[in-house]
Amino acid sequence: LASPPALRSGERSTDAVVIGTGIGAAPWALRKYHRSISVSFSLRRAEKTEVLSEDLLQVEKRLELVKQVSHSTHKKLTACLQGQQGVEADKRSKKLPLTTLAQCLTEGSAILGDDTLLGKMLKLCGEAEDKLAQELIHFELQVERDVIEPLFMLAEVEIPNIQKQRKHLAKLVLDMDSSKTRAVYRVLTLRRALRDPWESRVGRRAPSRR
């Protein structure tokens, strides 16, 4: 920036710098003021608002991994179920291999008769298999309620909703930053528009220096 010209001996300065109005302002002062506004505008334009804390940003990076693990675990657990998922206990019991085996043993015991040794053994084994089938159904229903369904909700509902809301938040933050930038730009444009008349007025008032 150019320094203000030195005054001659006995010469009275008329270059009073009035930044607020620009009346009587020296051209070098106006240029310096305009340069400071431009730098300030550039810095503000480069700013990017971050609304999430560092911890939340780290959690956000792991969301996709949690989704993949939850989806894979849900798929494998569902494949391990012997009963049909989402079916009531009575209907599920009829299609279990243990239930079919228990019925077969009970029918064999009835054919041979309870008075025979083999018939008694088949009857006891059939009752044991039926109890195992009931315990298996109870266990699978509990696993489905406490593990499989929460994993499904986490992988297919909750995490996608979080990611959707995060994208919406990012869009809102971008709109806010754009609005700030436009506001600063309008102020700068207005001051630029007012600067030219000030400088021309100062040029007419400035005393000639020989």
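Residues numbered from 1 in each chain as written. Predicted model: local features only at pLDDT ≥ 70, side-chain atom pairs only at ≥ 80, totals over all residues. Heavy atoms only, no water.

Next up on the list: the overall build of the protein. Secondary structure summary: the protein contains five helices and zero strands in total. Sequence-ordered secondary structure for the protein, helices as α and strands as β, is α-α-α-α-α. Counting the 210 residues in the protein, one finds 22% classified as buried. A fraction of 72% describes how many contacts in the protein between residues 6 or more apart in sequence connect residues 24 or more apart. Only carbon and sulfur atoms are counted for the fraction: they give 59% of the accessible area of the protein, which is about 15,400 Å². (Helix = DSSP H or I, 4+ residues; strand = E, 2+ residues; numbered from the N terminus. Buried < 20%, exposed > 50% of the residue type's maximum accessible area, 1.4 Å probe, protein only. Contact = heavy atoms within 4.5 Å. Areas by Shrake-Rupley, 256 points an atom, 1.4 Å probe, with all protein chains shown as cover.)

Here His74 shows up in helix α2 (residues 54-80). Not counting the four nearest positions on each side in its chain, His74 is found in contact with Ile148, Leu151 and Phe152.

Let's shift gears to the confidence of the model for the protein. With 70% of its residues at a pLDDT of 70 or more, the protein shows a mean pLDDT of 75. In this model residues 1-25 is a low-confidence stretch, pLDDT under 50, and it forms 35 contacts with partners more than four residues away in sequence or in other chains. Per-residue pLDDT stays below 50 along residues 41-46; that stretch engages in six contacts with residues further than four places along the chain or on separate chains. (pLDDT = per-residue confidence, 0-100.)

This part is about the environment of Gly83. With respect to the element layout, Gly83 can be found in the loop between α2 and α3 (89-94). Take Gly83: its relative accessible area is 11%, and that puts it in the buried class. Considered as a pair, Gly83 and Ala133 are 50 residues apart in the sequence and their alpha carbons are 10.0 Å apart. Every residue in contact with Gly83, bar those within four places of it in the chain, is listed here: Arg92, Leu96 and Glu140.

Turning our attention to a nonpolar patch on the surface. Taken together, Ile111, Leu112, Leu118 and Met121 make up a surface patch of nonpolar side chains, about 400 Å² in accessible area. Secondary-structure elements contributing two or more residues to the nonpolar patch are α4 (97-112) and α5 (117-205). Turning to its location among the elements, Ile111 is positioned in helix α4. Since its relative accessible area comes to 72%, Ile111 is described here as exposed. (Patch = residues over 30% accessible without salt bridge, like charges linked within 9 Å, V, L, I, M, F, W, Y side chains within 5 Å. Salt bridge = Lys/Arg side-chain N within 4 Å of Asp/Glu carboxyl O.)

You can see Ser109 is positioned in helix α4. On the basis of relative accessible area, Ser109 is assigned to the buried category, the value being 2%. Beyond its immediate sequence surroundings of up to four residues, Ser109 is in contact with Asp114, Gly119, Leu122 and Lys123.

Now for the pattern of salt bridges. Enumeration according to the criterion identifies three salt bridges in this entry. The salt bridge involving Glu60 is made with Arg166; its shortest N-O contact spans 3.0 Å. A residue pair is termed long-range when its members are at least 10 positions apart, and Glu60 in helix α2 and Arg166 in helix α5 qualify at 106 residues. A salt bridge links Lys171 to Asp175; the shortest N-O distance between them is 3.3 Å. Of this pair, Lys171 and Asp175 both sit in helix α5, four residues apart, which is roughly one turn of the helix. With a relative accessible area of 34%, Asp175 lands in the partly exposed category.

Between its terminal C-alpha atoms α4 stretches 23 Å, which fits the 22 Å expected from 16 residues at 1.5 Å a residue. When α4 is considered as a whole, its buried residues turn out to be Thr99, Ala102, Leu105, Gly108 and Ser109. Of the residues trailing α4, Gly113 is marked for its positive phi of about 95°. (Expected span 1.5 Å × (residues − 1).)

Relative to the 39 Å expected for 27 residues at 1.5 Å per residue, α2 spans 39 Å between its end C-alpha atoms, a close match to the ideal helical length. The principal kink in α2, of about 35°, is found at Arg62. Taken as a whole, α2 has its buried residues at Leu63, Ser70 and His74. (Bend = angle between axes of the 7 residues up to and from the residue.)

So, on to the environment of Leu154. For Leu154, the position within the fold is in helix α5. Using a relative accessible area of 26% as the deciding quantity, one classes Leu154 as partly exposed. Counting along the chain gives 88 residues from Leu154 to Val66, while the straight-line C-alpha distance between them is 8.7 Å. Setting aside chain neighbours within four positions, we find Leu154 in contact with Val66, Ser70, Ile159 and Pro160.

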